[in-house]
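Examining the three-dimensional arrangement
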Amino acid sequence: MIKNIKTLQWLGDTDGCLRLIDQRKLPTECVCIDCQMTEDLFSAIKTLAVRGAPAIGVAAAYGICLAAKQIQNNTALSNAVELINKQADYLASSRPTAVNLFWATDRMKSCAVKFVAGNPKTTVKHLKNALLAEAQKIEAEDIEMCRQIGTNGEPLIPGSGAILTHCNAGALATAGMGTALAPLFEAHRIGKRLEVYVDETRPLLQGARLTAWELMQAGIDATLICDNMAGELMRQGKIGAVIVGADRIAANGDTANKIGTYSLSVLAKAHSVPFYIAAPSSTFDLKISAGSEIPIEQRNGDEVRGFGGMQAAPAEIAVYNPAFDITPAQNISAIITEKGIIKPVGRQTITAILTQT
Ligand code: MRU
């Protein structure tokens, strides 16, 4: 896990700002940006300066504190709540797939409504304090969920055979130690021998740029591969398990994650390799019955035509660029959550684990 580096950090009191590691610049530069206004955060989420479902959720929670900061202390409370709702909806429109974004903005909206309803004589200043406390709570919960996913997932890390991961579901994608990478960090911490293959994850190279960097910082033996090399490694018997994160999990266990995850799950099934999803309860969307209902973000074709300003294809070539795909529940061996392991993956087992206290 990256030491002394915070993916996101609220600086100051209710008039503070949100500091983010600018993930667009990694691994060649590790620099931060400070978001002072909701517009700054909207753009940071949209352009992937902050990314990964849990990190987007925590950042959006603090985004509501940025919205509150703009409200004059003499504003009527009803107007303040209306403004917060509007800004929450604005932030929620930045990306469509990761449910943590909507989970966090809904929770902040309901915090504002409940606080005002429960304290009718309150002030805008107190409302701002309540919102900051709620965002800090969301961040603390995310850190704890990651830690627990690490503890619950570590026993699934096989003693032999390498682990394959896709995209980045590490500390950079959360407020804590990550989701898919958390069991690896925990296994490493207790001295388990580990070998990890990292899919580069075209088009935006979250695996090559972020996961490779994180694993190297942690001193874990990591090897980078192009996405199309995973099948050959499995054919050679080198992969003991695949472990990835999630952006949204439907009630039946169908899972949206970075484009390429579905193909990996098919390969894993064909080679009898266990395929694990690691995700906190905030990534489940039980209102959605199956994966086909999950909205998939379509991104700009230029991300596929080249990378980092380098053109790699004819400028006018048509491009298909979905950011995520859906892995059907039947391809998933287990889902590792902070509440326990969901296995087999299905409606009943999901409800049983998620509703336990
Ligand atoms: O487009 P991104 O980089 O936000 O996509 C991120 C992923 O797909 C991650 O695997 C997922 O959000 C889980 S992060 C713990």
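Calculation rules
- Residues numbered from 1 in each chain as written.
- Predicted model: local features only at pLDDT ≥ 70, side-chain atom pairs only at ≥ 80, totals over all residues.
- Heavy atoms only, no water.
- Helix = DSSP H or I, 4+ residues; strand = E, 2+ residues; numbered from the N terminus.
- Rg over C-alpha atoms; globule rule 2.2 N^0.38 Å.
- Buried < 20%, exposed > 50% of the residue type's maximum accessible area, 1.4 Å probe, protein only.
- Contact = heavy atoms within 4.5 Å.
- Areas by Shrake-Rupley, 256 points an atom, 1.4 Å probe, with all protein chains shown as cover.
- Lys, Arg positive; Asp, Glu negative; His and termini not counted.
- Charge placed at Lys NZ, Arg CZ, Asp CG, Glu CD.
- Pairing = 2+ DSSP bridges.
- Axes fitted to C-alpha atoms, helices over the stretch in contact; angles between N-to-C directions.
- Near = heavy atom within 4 Å.
- Nonpolar A, V, L, I, M, F, W, Y, C, P; charged D, E, K, R; others polar.
- Domains from an automatic or database assignment.
- Polar contact = N/O pair within 3.5 Å; in protein donor to acceptor, adjacent residues only side chain to side chain.
- Arc of directions from axis to C-beta.
- Buried area = accessible area lost by both parts, 1.4 Å probe.
- Salt bridge = Lys/Arg side-chain N within 4 Å of Asp/Glu carboxyl O.

Points about the overall build of the protein
Check the secondary structure of the protein and you find eleven helices and 16 strands. Against the compact-globule benchmark of 21 Å for 357 residues, the protein has a radius of gyration of 20 Å, which places it among compact chains. Taken along the three principal axes of its C-alpha coordinates, the protein extends 70 × 50 × 40 Å. Within the protein, the proportion of its 357 residues that are buried is 57%. If you take every contact in the protein between residues at least 6 apart in sequence, the share linking residues at least 24 apart comes to 75%. For the protein, the accessible area works out to roughly 14800 Å², and carbon and sulfur atoms hold 55% of it. In the protein, 34 positive and 34 negative side-chain charges are present, and the distance between their average locations comes to 3 Å.

Details of the sheet that holds strand 7 (residues 239-244)
Sheet strands pair via backbone hydrogen bonds, and the direction of the pair is either parallel or antiparallel. Spatially, seven strands are ordered 6-5-4-7-10-15-16 in an open sheet, and the strand pairing comes out mixed. Strands with a single pairing partner mark the edges of an open sheet, and in this sheet they are strand 6 (222-225) and strand 16 (340-342). Along the sheet, successive strands turn relative to each other by an average axial angle of 25°, direction set aside. Helix 5 (residues 124-153) rests against strand 10 (275-278), strand 15 (334-337) and strand 16 of the sheet, and its axis sits at about 135° to strand 15.

Points about the site of the ligand
Lining the immediate environment of the ligand, one finds 17 residues, of which Arg51, Arg95, Asp247, Asn257 and Lys258 sit closest. Starting from 420 Å² of accessible surface for the ligand in isolation, the protein chains cover 100%. Elements represented by at least two residues in the shell around the ligand include exactly helix 2 (53-69) and strand 9 (255-258). Tallied by class, residues from the shell around the ligand come to seven nonpolar, six polar and four charged. Shared between two domains, the shell around the ligand takes at least three residues from each, and those domains are domain 1 (8-148) and domain 2 (155-354).

A closer look at the pairing of strand 1 (residues 8-11)
Across the two faces of strand 1 the burial differs, with Leu8 and Trp10 buried and Gln9 and Leu11 not buried at all. When strand 1 meets strand 2 (residues 17-21), the two strands line up antiparallel, connected through four bridges. Paired with leucine 11 across the strands is cysteine 17, a residue of strand 2. What sits between the antiparallel neighbours strand 1 and strand 2 is a turn of five residues, in which glycine 12 has the positive phi angle 90°.

Focus on the side chain of threonine 165
Tracing the sequence through the fold places threonine 165 in strand 4 (residues 162-165). Side-chain polar atoms of threonine 165 contact the backbone oxygen of isoleucine 243, separated by 2.8 Å. Sequence-distant contacts of threonine 165, defined by excluding residues within four places in its chain, comprise Ala180, Leu181, Val196, Tyr197, Val198, Asp199, Thr211, Ile243 and Val244.

Some words on helix 1 (residues 38-46)
Taken as a whole, helix 1 has its buried residues at Thr38, Leu41, Phe42, Ala44 and Ile45. Looking down the long axis of helix 1, one finds its buried residues gathered within 165° of arc, a one-sided arrangement. Residues of helix 1 that are buried in the fold lie against strand 2, strand 3 (32-35), helix 2, helix 3 (77-92) and helix 4 (99-118). Count one or two residues on from helix 1 and you reach leucine 48, which has phi positive near 70°.

Digging into the sheet that holds strand 2
Within the open sheet, the three strands sit side by side as 1-2-3. Their pairing is antiparallel. Here the strands that pair on one side only, and so sit at the sheet edges, are strand 1 and strand 3. Taken pair by pair, the neighbouring strands of this sheet meet at an average axis angle of 25°, ignoring direction. Relative to the sheet, helix 2 contacts strand 1, strand 2 and strand 3, its axis offset from that of strand 1 by approximately 15°.

Comments concerning the side chain of glutamate 139
Counting through the fold element by element, glutamate 139 comes out in helix 5. Of note is the side chain of glutamate 139, whose polar atom sits 3.2 Å from the side chain of lysine 6. Not counting residues within four places of it along the chain, the set of residues in contact with glutamate 139 comprises Lys6, Leu8, Val58, Tyr62 and Ala175.

Observations concerning the environment of glutamine 311
Note that glutamine 311 resides in strand 13 (residues 310-311). By relative accessible area, glutamine 311 is classed as exposed at 58%. Polar contacts involving the side chain of glutamine 311 include one to the main-chain carbonyl oxygen of alanine 313, which spans 2.7 Å.

Remarks on the domain arrangement of the protein
It is common to give the size of an interface as the accessible area that goes away when the parts come together. Here the domain parsing of the protein yields domain 1 (8-148) and domain 2 (155-354). With centres defined by C-alpha atoms, the gap from domain 1 to domain 2 works out at 26 Å. Both sides of the domain 1 and domain 2 interface together cover about 2500 Å² of buried area, and 60% of this is carbon and sulfur. On inspection of domain 1 and its partner domain 2, the count reaches one salt bridge.

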